[in-house]
Number of protein chains: 2
Amino acid sequence: MESAKSADFLAATSVVRRTDTPGTFDSHLSPVWGTAEGIDGGILLAVAARATAAATAVRAERFFPSSVSAFFLTASRPGPVRIHTDVIQRGSRFTTTQVSLTQKTEDDREIERLRALVSHGTLASQAPVHTPLPPAITPPSACIARADAPGGTAKRLGHLAGIDIRLTPECAGWAFDSPSRTGHFDGWFRLANGRDPDPLALLAAVHALPPISFDFGRVGWLPTVQLTAHIRGFPAPGWLQVRTSTKALREDHVVEDAEVWDSDGELVLQSRQFAAFV
Amino acid sequence: MESAKSADFLAATSVVRRTDTPGTFDSHLSPVWGTAEGIDGGILLAVAARATAAATAVRAERFFPSSVSAFFLTASRPGPVRIHTDVIQRGSRFTTTQVSLTQKTEDDREIERLRALVSHGTLASQAPVHTPLPPAITPPSACIARADAPGGTAKRLGHLAGIDIRLTPECAGWAFDSPSRTGHFDGWFRLANGRDPDPLALLAAVHALPPISFDFGRVGWLPTVQLTAHIRGFPAPGWLQVRTSTKALREDHVVEDAEVWDSDGELVLQSRQFAAFV
C-alpha cells in the first residue's frame, strides 16, 4: 500500500544529501508515479532538478530550474535511486550542473537511468515582446477527467495518482475509439492534493497528458529518449493549461512538444521530447 | 587570409584523434565561421557530433547524429579546440555520448566552451503517420540574399562565408527598418561551395538565419544558452527550407524554434534554443 505521502509531489521528489561522497544524493521512487513500463519521466526530471539545486546551493527564492535537458537511458523502477551531480558552470544569472540517476540491479550492478544537464537561474522578469495568448479551450469543469473515461481506457487517460488531468472533449476521441487526428491535445493539469504549482511541478505537467500518438489511434508505448524543457516563469496559483502537439509522428518515433500556461495566461514552460522504439 | 578550405563545412568541422588520451580529439575553429561575438554554434555542434561519431566508432553509413543537446558555457574563439568524449550508452538503435569542448586561454588555463549529450542512431525509415508539408514560400531565386541587402545591414543577414542563405521578402523587412513582427522567418539554406547537405550540415542550418528577435526590430545579440536538435532524416540533395519562429520573446531572452525540410518536403530537423543575456 502506498501512503498519501507518496502521492504528494514534493515528498515524492525529495532528495537527501549523502555525507560520504560530495555532490551525491539519495531519493526513493514510488510506484504511485509510474506504470508497468517505468517511473514517469517528469518525476525523474524533478528529482534531478532538486538534486542539482541542492548541489549548487542556489538561493531557492531567486533561482529556479531554467533549462533541463535529459537523455533517458534505461527504464527506472520503483525503489531507491542515487543522484550524482557535478557543477560545471557558475554564472551570475545561471548555474549549470550535470546530473546522473542510477539504480542498483538485483545482482548489485549500478545501472544509469538518466543523464541530464540542468541550469538554474532567474526566471522571466523583463517585459514581453512577443508572447501569444494560450488557445481558448473548454474549462476544466467541462473536460474529461480520468473518472469520466470508459472502463477499458481509463487507465490510459492518466497513470499518475498524484495529479489531476483533464482533456477537452474534442481531444478525448481516442478514448472512445474515435481519435481526432489533429496532431494536438488540449487539457488542464494540477497536483491532485490541491498544492499550487511551482517550477518543479511544471516538469510533471510535461509528461502528464497521453502520448500524442494516441490522437492517431496508436495507443502503444513509445519510450522517451530525449526531453528538453525550458521553464520561463513562476506559475500563478490554479490550473495549468497544457497543449501537446507533434509535426513529426512516424510508426517508430515521434517528436512531441508541450506548452504550459499558468492561470494568468503566461507561457511558463515549453518542452520537446523525442520518443522512439529502441 | 582564410583559405577556401576554411569555408568548406566538412574541412571546418574535421577532428583528429589524439593518441595520448582515449576519447580525446583536436579541431581548429576558423574565424570564417564566426563573428566578433564568437564562433557559430552550429559549427560547434557539428564538431561535437563528428567527435562523438568517431568515439563510438559507429558505422557512418547507418548511424547519424540523432539528438544533440548542448549548453553553451562560454563564447568560443578562433583557434585550436579540444574535444573530450565519454560514451555512456551503447544500444542496438542508439548510442549516447557526453562531449565537452575546451579551449586554452592566453595564460594557459583550459576553459570549457560547450557541454553536450549526443545520440547517434538510425534515422527515419518507418512510414509517416502525421508529418505536415512545409509552408509554401517564395523560391530561393526570388528571395533576399546577403548581396541584396542594404549596406549597413548586409553583415547581419549572414555572418558565415561558408553558407548561402536566402530570406523571403516578407521576412526581410527588418533589414529595411520595417520588421514584420509575425514571429517567424522563412528562408533557404545551402552550403556555399555547392556540397549537398548531410545530417551534419543540418546542424549548421539551425543557426544560419538571423535571430528571430530581429523580426521585432531588436537587432542586439542574445547568446545561445541551450540548444537541442533532433535530426529525423538524411536530407535529399538541394536547398534546405528553413522556418524559425518564437512564441516566447522577452527583452532579455527568447525561446526560438527551427524546422528544416529537404527538397523532397521531408521534415529532417527540428531544433529549439534558449538564448538570453547572461
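Source: prediction; values computed, not measured.

Draft legend 1. Quick peek at empty space enclosed by the protein. Within this structure, the stated rule accounts for two cavities of 30 Å³ or more. Computed from the structure, the largest cavity encloses a volume of approximately 50 Å³. What lines the largest cavity is Gln226(A), Thr228(A), His230(A), Arg272(A), Thr228(B), His230(B) and Arg272(B). Looking at the lining of the largest cavity, the elements with two or more residues in it are strand S13 (224-231) of chain A together with strand S13 (224-231) of chain B. The greatest single-element share of the lining of the largest cavity, amounting to three residues, is contributed by S13(A). Class assignment for the residues of the lining of the largest cavity results in no nonpolar, five polar and two charged. Estimated volume of the second largest cavity: approximately 30 Å³.

Draft legend 2. Seen up close, helix H2 (residues 41-56) of chain B. Residue and element names in this part refer to chain B. Taking 1.5 Å per residue as the helical rise, H2 with its 16 residues ought to reach 22 Å, and the 23 Å between its terminal C-alpha atoms agrees with that figure. Taken across its 16 residues, H2 has 13 buried, putting it largely inside the fold. Just past H2, the residue Ala 57 takes up positive phi, approximately 55°.

Draft legend 3. Quick peek at the interface of chain B and chain A. In this complex, chain B contributes 56 residues to the contact, which on the side of chain A involves 56 residues. Interface of chain B and chain A: buried area, both sides summed, is about 5200 Å²; carbon and sulfur atoms make up 58% of it. There are eight salt bridges connecting chain B and chain A. A salt bridge links Glu259(A) to Lys247(B), with the nearest nitrogen and oxygen atoms 2.9 Å apart. For the pair chain B and chain A, the interface holds 23 residue pairs in polar contact (both at pLDDT 80 or more). Grouping the amino acids of the side of chain B that touches chain A by side-chain chemistry returns 22 nonpolar, 20 polar and 14 charged. Pairing analysis gives two bridges linking strand S9 (residues 128-130) of chain A to strand S14 (residues 240-250) of chain B, with the strands arranged antiparallel.

Draft legend 4. Expanded view of the pairing of strand S12 (residues 184-191) of chain B. Residues and elements named next belong to chain B. When you tally the buried positions in S12, you get six out of eight residues, the bulk of the element. One ladder, built from five bridges, connects strand S11 (residues 163-167) with S12; its direction is antiparallel. For Leu 167, the partnering residue across the bridge sits in S12 and is Gly 187. Direction of pairing for S12 relative to S14: antiparallel, over a ladder of six bridges. Counted as the bridge partner of His 184 is Ser 245 from S14.

Draft legend 5. Representation of the pattern of salt bridges within the structure. In the structure shown here, the tally under the stated rule is 32 salt bridges over all chains. One salt bridge in this structure joins Glu266(A) and Arg250(B), with 2.6 Å as the shortest N-O distance. A residue pair is termed interchain when its members come from two chains, as with Glu266(A) in the loop between strand S15 (253-261) and strand S16 (267-276) and Arg250(B) in strand S14. Residue class for Glu266(A) comes out partly exposed when judged on its relative accessible area of 33%. You can call Arg250(B) buried: its relative accessible area is 12%. With its nearest N and O atoms 2.5 Å apart, the salt bridge here joins Glu112(B) to Arg115(B). Residue classification places Glu112(B) among the buried positions, given a relative accessible area of 16%.

Reading the values: rules and limits
Residues numbered from 1 in each chain as written. Chains lettered and ligands numbered in written order. Predicted model: local features only at pLDDT ≥ 70, side-chain atom pairs only at ≥ 80, totals over all residues. Heavy atoms only, no water. 1 Å grid on protein atoms, 1.4 Å probe; cavity = no way out; pocket = protein on both sides within 12 Å on 5 of 7 lines; lining within 4 Å. Points joined across faces, edges and corners; volume = space filled by probe spheres on them. Helix = DSSP H or I, 4+ residues; strand = E, 2+ residues; numbered from the N terminus. Nonpolar A, V, L, I, M, F, W, Y, C, P; charged D, E, K, R; others polar. Expected span 1.5 Å × (residues − 1). Buried < 20%, exposed > 50% of the residue type's maximum accessible area, 1.4 Å probe, protein only. Contact = heavy atoms within 4.5 Å. Buried area = accessible area lost by both parts, 1.4 Å probe. Salt bridge = Lys/Arg side-chain N within 4 Å of Asp/Glu carboxyl O. Polar contact = N/O pair within 3.5 Å; in protein donor to acceptor, adjacent residues only side chain to side chain. Pairing = 2+ DSSP bridges.

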